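# Overview (structure and organization)
Chain by chain, the residues run as shown.
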Amino acid sequence: SINLQLGWNLISGLSSAVSAQIIYANDIVQNGTLYGLDGVYYNAETIEPGYGYWIKTNEYGVLDLNENSAKEQQQLNNSNNTNYIMFSNGKYAVTLFFGDYMTQKEYLSYSLPPKFSGLEFDVRFSNDMKYSMGSEEIEVLNNLNFLEISYNIKKNTDNVSWKLQSESGQELEIASTRDVRI
């Protein structure tokens, strides 16, 4: 058992691997918010011994790592019908999702851990999420000179147009599917 605070917590792997399903079986843990770090944050499927992980809770409490408490993990709403934009620097890639509506609980599953100086690559909406239902700034941390942007608009029932705008004011309209190198 691990005592957790409300919000983001750093935890460490135990003496044996623990499945993410066991983590998410605890009602205090926000589904989809178990992250490892390998130069870039990634959704972890297991907690491995000797490694650290970020996890977000909905309240204070105790994380019970009893294997009997496993339940099926709720699938995040990033199915084939969700619009996405992917940023890659050739070494790392991050995908952001946008343009679909979901419940607050689903939305919180797209929360990202805090930024820190040790990240090699990070892309997120300005509200520290990897999902946006509206107009958000995208923050990019890239230590390489190469950045490729790929996107796919799969759902646009309201005939909304999306645009990427650089800090210099250059605009790129996002429609259908495309790859762009900057």
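These remarks concern the structure in this document. What you are looking at is a predicted structure, and each value in this text was computed from that prediction instead of being measured.

## So, the overall build of the protein
When helices and strands are counted, the protein shows 2 helices and 17 strands. Per-residue burial over the protein gives 41% buried out of 182 residues. Taking contacts inside the protein between residues at least 6 apart in sequence as the whole, the part at least 24 apart equals 66%. Put simply, the protein shows about 10,400 Å² of open surface, and 44% of that area lies on carbon and sulfur atoms.

## Some remarks on the sheet that holds strand β4 (residues 29-37)
Taken in spatial order, the 4 strands line up as β2-β7-β4-β5 in an open sheet, and their pairing is antiparallel. The open sheet has two free edges, formed respectively by β2 (7-12) and β5 (41-43), since each of these has just one partner strand. If you compare each strand with its neighbour and ignore which way they point, the axes differ by 35° on average. Of the pairings in the sheet, the one linking β2 to strand β7 (residues 52-57) comprises 6 bridges and is antiparallel in character. From the neighbouring strand, Gly-7 faces β7, where its bridge partner is Thr-57.

## Some remarks on the pairing of strand β16 (residues 171-174)
Relative to β16, strand β15 (residues 162-165) is paired through 4 bridges, and the arrangement is antiparallel. Across the sheet, Trp-162 pairs through a bridge with Ile-174, a residue of β16.

## With respect to the packing of aromatic side chains
By convention here, two paired aromatic rings are described through the distance between centres and the angle between planes. Summed over the entire model, instances satisfying the criterion amount to 7 aromatic pairs. Taken together, a centroid distance of 4.9 Å and an interplanar angle of 45° make the contact between Tyr-110 and Tyr-131 tilted. Here Tyr-110 is found in the loop between α2 (104-108) and β11 (121-125), whereas its partner Tyr-131 is found in strand β12 (residues 131-132), with 21 residues between them in sequence. Just as Tyr-110 is buried, Tyr-131 falls in that class too. Through successive ring pairs, a cluster of aromatic residues spans Trp-8, Tyr-35, Tyr-41, Trp-54 and Phe-116.

## Topic: the pattern of salt bridges
If the charged atoms of two oppositely charged side chains come close together, the side chains can form a pair. Applying the stated criterion across every chain, the model contains 4 salt bridges. Here Arg-124 and Asp-128 are joined by a salt bridge, their closest N and O atoms 3.2 Å apart. Given a relative accessible area of 0%, Arg-124 falls into the buried group. Look at Asp-128 and you get partly exposed, because its relative accessible area is 33%. Linked through salt bridges whose partners overlap, the residues forming this network are Asp-122, Arg-124 and Asp-128.

## Describing the environment of Leu-147
As for its placement among the helices and strands, Leu-147 is situated in the loop between β13 (138-142) and β14 (148-152). Judged by relative accessible area, which is 12%, Leu-147 ranks as buried. Along the chain, Leu-147 and Ala-93 lie 54 residues apart, while their C-alpha atoms are 9.6 Å from each other.

## Digging into the environment of Trp-54
Within the element layout of this structure, Trp-54 appears in strand β7. Look at Trp-54 and you get buried, because its relative accessible area is 18%. Taking the C-alpha atoms as reference, Trp-54 lies 6.5 Å from Pro-113; in sequence the two are 59 residues apart. Side chain to side chain, Trp-54 and Tyr-41 meet in a polar contact 3.3 Å long.

## Describing the side chain of Asn-26
Within the secondary structure, Asn-26 sits in the loop between α1 (20-24) and β4. You can call Asn-26 buried: its relative accessible area is 10%. Within the local environment of Asn-26, its side chain forms a polar contact with the backbone oxygen of Ile-22, the two atoms lying 2.9 Å apart. With residues up to four places along the chain from it excluded, the contact list for Asn-26 reads Val-62, Leu-63 and Asp-64.

Cut-offs and rules
Residues numbered from 1 in each chain as written. Predicted model: local features only at pLDDT ≥ 70, side-chain atom pairs only at ≥ 80, totals over all residues. Heavy atoms only, no water. Helix = DSSP H or I, 4+ residues; strand = E, 2+ residues; numbered from the N terminus. Buried < 20%, exposed > 50% of the residue type's maximum accessible area, 1.4 Å probe, protein only. Contact = heavy atoms within 4.5 Å. Areas by Shrake-Rupley, 256 points an atom, 1.4 Å probe, with all protein chains shown as cover. Pairing = 2+ DSSP bridges. Axes fitted to C-alpha atoms, helices over the stretch in contact; angles between N-to-C directions. Phe/Tyr/Trp six-rings, centres within 6.5 Å; stacked < 30°, edge-to-face > 60°. Salt bridge = Lys/Arg side-chain N within 4 Å of Asp/Glu carboxyl O. Polar contact = N/O pair within 3.5 Å; in protein donor to acceptor, adjacent residues only side chain to side chain.

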